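Given next are the chains, with one letter for each unit.
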Amino acid sequence: MTKLWDWYSGTPDKLRGMSESTERATGSPLVKRGLAEMLKGGVIMDVVNPEQAKIAEDAGAVAVMALERVPSDIRRDGGVSRMSDPEMIVGIQQTVSIPVMAKARIGHFAEAQILQALDVDYIDESEVLTPADEAHHIDKWAFTVPFVCGATNLGEALRRISEGACMIRSKGEAGTGNVVEAVRHLRSIIGDIGKITKADSAELFDWAKQLQAPLPLVQEIAETGELPVPMFCAGGLSTPADASLVMQLGAQAVFVGSGIFKSDEPAKMATAIVEAATHYRDPDILVKVSTGLGSAMKGLEIATLETKLAERGW
Amino acid sequence: MTPTVGVLALQGAFAAHAAILEQLGVSTTEIRRDAQLDAVDALVMPGGESTTMSMLLERSGMLEPLGARINAGLPVFGTCAGMILLSAEVKDGRPDQRVLGAIDITTRRNGYGRQTESFESDLDIAGLDAPFHGVFIRAPIVERVGESVSVLASVEGDAVLCRQANVTVASFHPELADDDRLHSMWLKEFA
């Protein structure tokens, strides 16, 4: 479980897994990853104001993601999308008692520093916002607050982990209400993990080269058969059945963005998706929670999109 | 006969608990509906989001049957959110948050603060020879301990591991510590 961090044995104590200090230590990789472990089986909901945060908490969300506009509005309105107004984040922190996450632009470490100073519980270095750096992601090891990052494939996931991400979410295509890209990304990540577990030791060098990922992480996956951090799913989920689908494919929790507050009845939809994330293999319960929800968000065909958010990130 | 240990799997770190228990040679089963409780000899209530778990317990109709089984002596081990759910009283919870009242302690939710205050620290645990590494994630703080409760470990004066009859609770996460001694100690209480 702590293998990844062995790789960092040349780095200061605080970057390794379990702290070797017998005194109280904060911000260690294990403590950062620990919160992601606690969110498993749950639903993290995008919210843009305290009222929506309250609806999300009332429905049973395990955390909320504070952002300026939900992805479907970003897509519709265009313009540069940035970190949220600190006042809005504080308002949400004062309204709910569940963890509050917030998004920073890819590579925008100053936004991340501000979010850490605001004491958010997780930072999402997110392709949904307009990237601030076309080559570099944030050095996430430098922070006490943990980070989640998106990935479309295994190589991207491992590069983010090597930069210090403590949770990976498959990207999907945010703001579309269309689950097809989330499924593609999940299947790609899980499929490649499966192949790596069957590869021989010589082939692992080529896998690392093809994936553009650190060899020790590839070797670790060959041994454990899973990512070294929790893997959640995001991007285009909009019904209880979508949550069940991606959880059955191997996602350990789900992020729902526009899918809740762009549906006819957000409170009902939110509750139903929470139930679906728990009972994802129980069709009887899924029938019950899927009934009478009104319309889900309208949704978009991927082929009609001008901007594919998932292509942001390197 | 080896016992079957149920792991409440509504949400949270249930898989990590199950993995440690399986390593210790007991069979585990995930519990999401009340009927599944009938097949277990003991239960782990994992960490996660206690408000979410409280709602899922109520909506699934499992809250009452679970409380009855614990009252009737079912051995149960609750960590973090599990500790909150088993306690007699929770502060800083939601107004509609339910607790089972199975152990006479009062907890304050997220009593150590937000995630940047989450920490790890070595603990001396009564019954273990060497220190145990405690991982505290937005952990509850125990504010009151009833007379019938034994405190097995403390951090800076606050109880972090408590037992009362068939109920053991920890405010930290033994399932994340790569150390099976605490699970093993718990199993010995009934197996």
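This text goes with the structure placed above it.
Rules used throughout
Residues numbered from 1 in each chain as written. Chains lettered and ligands numbered in written order. Predicted model: local features only at pLDDT ≥ 70, side-chain atom pairs only at ≥ 80, totals over all residues. Heavy atoms only, no water. Contact = heavy atoms within 4.5 Å. Buried area = accessible area lost by both parts, 1.4 Å probe. Salt bridge = Lys/Arg side-chain N within 4 Å of Asp/Glu carboxyl O. Polar contact = N/O pair within 3.5 Å; in protein donor to acceptor, adjacent residues only side chain to side chain. Helix = DSSP H or I, 4+ residues; strand = E, 2+ residues; numbered from the N terminus. Nonpolar A, V, L, I, M, F, W, Y, C, P; charged D, E, K, R; others polar. Disulfide = S-S within 2.5 Å. Buried < 20%, exposed > 50% of the residue type's maximum accessible area, 1.4 Å probe, protein only. Pairing = 2+ DSSP bridges. Axes fitted to C-alpha atoms, helices over the stretch in contact; angles between N-to-C directions. Right-handed = clockwise from strand over helix to strand, strands pointing away.

### Quick word on the interface of chain B and chain A
- On the chain A side, the residues contacting the 39 residues of chain B number 50 residues.
- When chain B packs against chain A, the two sides together hide about 3,600 Å² of surface, and 52% of this comes from carbon and sulfur.
- When the area that chain B buries against chain A is broken down by residue, the three leading residues are Arg-114, Thr-116 and Glu-120 of chain B, summing to 19%.
- Along the contact surface separating chain B from chain A lie eight salt bridges.
- Across the salt bridge formed by Arg-94 of chain B and Asp-58 of chain A, the nearest N and O atoms sit 2.8 Å from each other.
- Applying the counting criterion to the chain B and chain A interface returns 23 residue pairs in polar contact (both at pLDDT 80 or more).
- Mapped onto the side of chain B that touches chain A, the elements with two or more residues apiece are helix H2 (50-59), strand S7 (119-123) and strand S8 (132-136) of chain B.
- The leading source of residues in the side of chain B that touches chain A is H2 of chain B, at five residues.
- Considered class by class, the residues forming the side of chain B that touches chain A number eleven nonpolar, 13 polar and 15 charged.

### Observations regarding the state of the cysteines
- The final tally for this structure, using the stated rule, is zero disulfides over all chains.
- Of the cysteine sulfurs around Cys-149 of chain A, a residue in no disulfide, the closest is that of Cys-166 of chain A, at 9.5 Å.
- Of the residues examined, Cys-149 of chain A reaches a relative accessible area of 1% and is grouped as buried.
- Unpaired in this structure, Cys-162 of chain B has its nearest cysteine sulfur neighbour in Cys-80 of chain B, at a distance of 13 Å.
- With a relative accessible area of 0%, Cys-162 of chain B lands in the buried category.

### A word on the sheet that holds strand S2 (residues 27-31) of chain B
Residue and element names in this part refer to chain B.
- Taken together, the seven strands give an open sheet; going across it, the order is S2-S1-S3-S4-S12-S11-S10, and neighbouring strands pair in mixed fashion. With partners counted over all chains shown, the strands left at the sheet margins are S2 and strand S10 (150-155), one partner each. Direction aside, neighbouring strands of the sheet carry axes that sit 20° apart on average.
- The sheet contact formed by strand S3 (residues 42-45) and strand S4 (residues 76-79) spans three bridges and is parallel.

### Some points on the pairing of strand S5 (residues 122-126) of chain A
All names here are of chain A.
- Burial within S5 is extensive, with five of its five residues counted as buried.
- Of the two faces of S5, the one holding Tyr-122, Asp-124 and Ser-126 and the one holding Ile-123 and Glu-125 are both buried throughout.
- For the segment spanning strand S4 (residues 100-105), helix H6 (residues 109-117) and S5, crossover handedness is right-handed.

### Quick word on the sheet that holds strand S5 (residues 87-91) of chain B
Residue and element names in this part refer to chain B.
- Across the sheet, which stays open at both edges, the three strands sit in the order S5-S6-S9 with mixed pairing between neighbours. The sheet is open, and its two edges are formed by S5 and strand S9 (141-145), each paired on a single side. Averaged over all pairs of adjacent strands, the angle between their axes in this sheet comes to 25°, without regard to strand direction.
- Relative to S9, strand S6 (residues 103-108) runs antiparallel, the two sharing four bridges. The residue of S9 that forms the bridge with Arg-108 is Ile-141.

### Brief notes about unusual backbone geometry
- Phi is positive for Asp-92 of chain B, which is not a glycine, with a value near 60°.
- Mapped onto the elements, Asp-92 of chain B comes out in the loop between S5 and S6.

### Remarks on the environment of Glu-58 of chain B
Residue and element names in this part refer to chain B.
- Along the chain, Glu-58 turns up in helix H2.
- A residue is classified by how much of its surface remains accessible, and Glu-58, at 38% relative accessible area, is partly exposed.
- Considered as a pair, Glu-58 and Asp-129 are 71 residues apart in the sequence and their alpha carbons are 40 Å apart.
- In this view, Glu-58 contacts Leu-63, Asp-96 and Arg-98; residues no more than four positions away in its chain are not counted.

### Concerning the environment of Ala-170 of chain B
- Secondary-structure assignment places Ala-170 of chain B in strand S12 (residues 167-170).
- The sequence separation of Ala-170 of chain B and Gly-47 of chain B amounts to 123 residues, and the corresponding C-alpha distance is 9.6 Å.

### Observations regarding the side chain of Glu-49 of chain B
- Its location among the elements puts Glu-49 of chain B in the loop between S3 and H2.
- Here Arg-109 of chain B takes part through its side chain, which lies 2.8 Å from a polar atom of the side chain of Glu-49 of chain B.
- Excluding residues that lie within four positions of it along the chain, Glu-49 of chain B makes contacts with Met-38, Ala-61, Val-62, Ile-98 and Pro-99 of chain A together with Gln-11, Ala-81 and Arg-109 of chain B.

### A word on the pattern of salt bridges
- Counted by the stated rule, this structure contains 39 salt bridges over all chains.
- As a salt-bridge pair, Glu-181 of chain A and Arg-184 of chain A come within 2.6 Å of each other at their nearest N and O atoms. Taken as a pair, Glu-181 of chain A and Arg-184 of chain A lie in helix H8 (residues 180-198) at a separation of three residues, close to a single helical turn.
- Classification of Glu-181 of chain A as buried rests on a relative accessible area of 8%.
- One salt bridge connects Glu-189 of chain B with Arg-163 of chain B, and the closest N-O pair in it is separated by 3.1 Å. Separated by 26 residues along the polypeptide, Glu-189 of chain B in the segment after helix H5 (181-188) and Arg-163 of chain B in strand S11 (residues 158-164) bring together distant segments of the chain.
- Taking the relative accessible area as the measure of exposure, Glu-189 of chain B reaches 35% and is therefore partly exposed.
- A single salt-bridge network, built from bridges that share partners, covers Lys-54, Glu-57 and Asp-58 of chain A together with Arg-94 and Asp-96 of chain B.

Just geometry here; none of it tells us what the structure is for.
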